[in-house]
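Structural features, examined
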Amino acid sequence: MGMVDLEKAPGAGAQAGAGEPVRRSDAEGCLAVAIRIPVRVVVLVLVVPVRMVWDALVVAGRFLRDAVLRPVGRALAWLGRAVFVWPLVGLWRYVVVPLAKGVGWLGHVLLVVPAVWLYRWVLTPVGHALAWFFTRVGAVLAAAGRGLYAGLAWLGRYLAVVPAVWLYRWVLTPVGHALARCGRQVARGVGLVVTGVGFVLYWICRVLLVLPVLAVWRWVFAPVGRFLAVVGREVADALGHAWRVAGHLSRAVGRFLGTVLRWTVAEPARWVYRSVLTPVGHAVRDTVLRPLAEAGRGARRAARQALASARLSVRQARADVRRMLFGGPAVRQPVDGGEPSAAEARTLGSSTTALTKD
């Protein structure tokens, strides 16, 4: 961190007046500058351990995720499929589906087919007959209802509508107009009274409440809010700066520990693997494993050849016994006494080969 100049640079006001942008340190004043350095020092001391612990937890969490949780999750997923999914799939495919097909076929034969027959040959004719009957009865009832409605409408018009219209036009309308005029005058007087009372209450509230609250806001809360805003902004900036610095420190510590582990564990292990274990493994492979593998392959090859020879001898002996007991296969002679055709020669050769294999 560099030193902060607590005094204004000469000519700052002239530059600001000339229309050039004002820097943040010039616009903030001495209060923000005086608060910034102590706050940043304190926050840096408090944040560095937290950032280092956070980075260590992140590294440990990534290692735990890659080395433990993912393999365990894959094993649990495979176990879940083997224990739950595959048995359920087999049960659904080989038990539930055939049983459902059988039940569906049985329901179709025992329920659907009789229900369709009953609907087609019993319910449909009965429904048509009932529809015809109710259509005729409904036509008669509709004619009677239209006549009754016309009579009731005539009676209602001359017994209720005409007197009501006369009463509304010659009695209620004049009375309503008179009441409306009286109500407008009363409302105008009440409005004047309410306006005067509202004007008086407005000025009473303005003088007793609004002006004191405005004075307290302007001369108390606004300065305190500006001070708290400056303090909060500086604390937030200090936290961000300290978090970044702690990240650099944590990265440096991690690189140092990685270098120490590399030169104390990884490099010796690599040297032992490359200089000791690799030559020993090559020697063991060349002197022990390869001769053993060659010997095993030779023994397997000899055993396979011996088994093939024994199998061929057994087949030949069995074919000889069959020829001695049942005779050889009959050879077809052509009609003209010449040589057999190519198709007959192929058929004879295939039958002879099959008997030899047997």
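Residues numbered from 1 in each chain as written. Predicted model: local features only at pLDDT ≥ 70, side-chain atom pairs only at ≥ 80, totals over all residues. Heavy atoms only, no water.

1. A look at the overall build of the protein
Check the secondary structure of the protein and you find four helices and zero strands. The helix and strand sequence of the protein, counted from the amino end, reads α-α-α-α. In the protein, which comprises 358 residues, the proportion classed as buried is 7%. Partitioning the intrachain contacts of the protein with sequence separation of at least 6 by distance along the chain shows that 79% fall at a separation of at least 24. Per element, the accessible surface of the protein, about 29,500 Å² overall, is 72% carbon and sulfur. (Helix = DSSP H or I, 4+ residues; strand = E, 2+ residues; numbered from the N terminus. Buried < 20%, exposed > 50% of the residue type's maximum accessible area, 1.4 Å probe, protein only. Contact = heavy atoms within 4.5 Å. Areas by Shrake-Rupley, 256 points an atom, 1.4 Å probe, with all protein chains shown as cover.)

2. Considering the packing of aromatic side chains
Two numbers describe a pair of aromatic rings. These are the distance of the centres and the angle of the planes. Applying the stated rule across the entire model yields six aromatic pairs. Taken together, a centroid distance of 6.2 Å and an interplanar angle of 90° make the contact between W78 and W86 edge-to-face. Accessibility expressed as a relative area gives 47% for W86, which makes it partly exposed. Between W217 and F221 the ring centres are 6.3 Å apart and the planes differ by 45°, which places this aromatic pair in the tilted class. Of the two residues, W217 and F221 are both situated in helix α3 (residues 30–326); the distance of four residues between them amounts to about one turn of the helix. (Phe/Tyr/Trp six-rings, centres within 6.5 Å; stacked < 30°, edge-to-face > 60°.)

3. Comments concerning the pattern of salt bridges
Pairing between side chains becomes possible if they bear opposite charge and their charged atoms approach one another. Applying the stated criterion across every chain, the model contains eight salt bridges. With a shortest N-O distance of 3.6 Å, D66 and R70 are connected by a salt bridge. Of this pair, D66 and R70 both sit in helix α3, four residues apart, which is roughly one turn of that helix. Residue R70 is classed as partly exposed on the basis of its relative accessible area of 43%. In this structure, R290 and D286 form a salt bridge, with 3.3 Å as the shortest nitrogen-oxygen distance. With R290 and D286 both in helix α3 and four residues apart, this pair spans about one turn of that helix. (Salt bridge = Lys/Arg side-chain N within 4 Å of Asp/Glu carboxyl O.)

4. Quick word on the nonpolar core
In terms of nonpolar packing, the biggest core is built from eight residues, these being I35, V39, V43, V47, V48, A238, A242 and A246. Those residues in contact with A246 that sit more than four places away from it in its chain are V47, V48 and R51. (Core = buried A, V, L, I, M, F, W, Y, C linked by side-chain atoms within 4.5 Å.)

5. A short note on the confidence of the model for the protein
Counting all residues, the mean pLDDT for the protein is 81, and 82% of those residues have values of 70 or more. Per-element confidence in the protein is highest for α3, whose mean pLDDT is 88, and lowest for helix α1 (residues 12–17), whose mean pLDDT is 42. Predicted confidence is poor over residues 1–27, with pLDDT under 50, and the contacts of this stretch with residues over four places away or in other chains come to 15 contacts. (pLDDT = per-residue confidence, 0-100.)

6. Structural notes on the side chain of S250
Inspection of the secondary structure assignment puts S250 in helix α3. The class for S250 is buried, based on a relative accessible area of 11%. When neighbours within four sequence positions are excluded, S250 is seen to be in contact with R51, M52 and D55.

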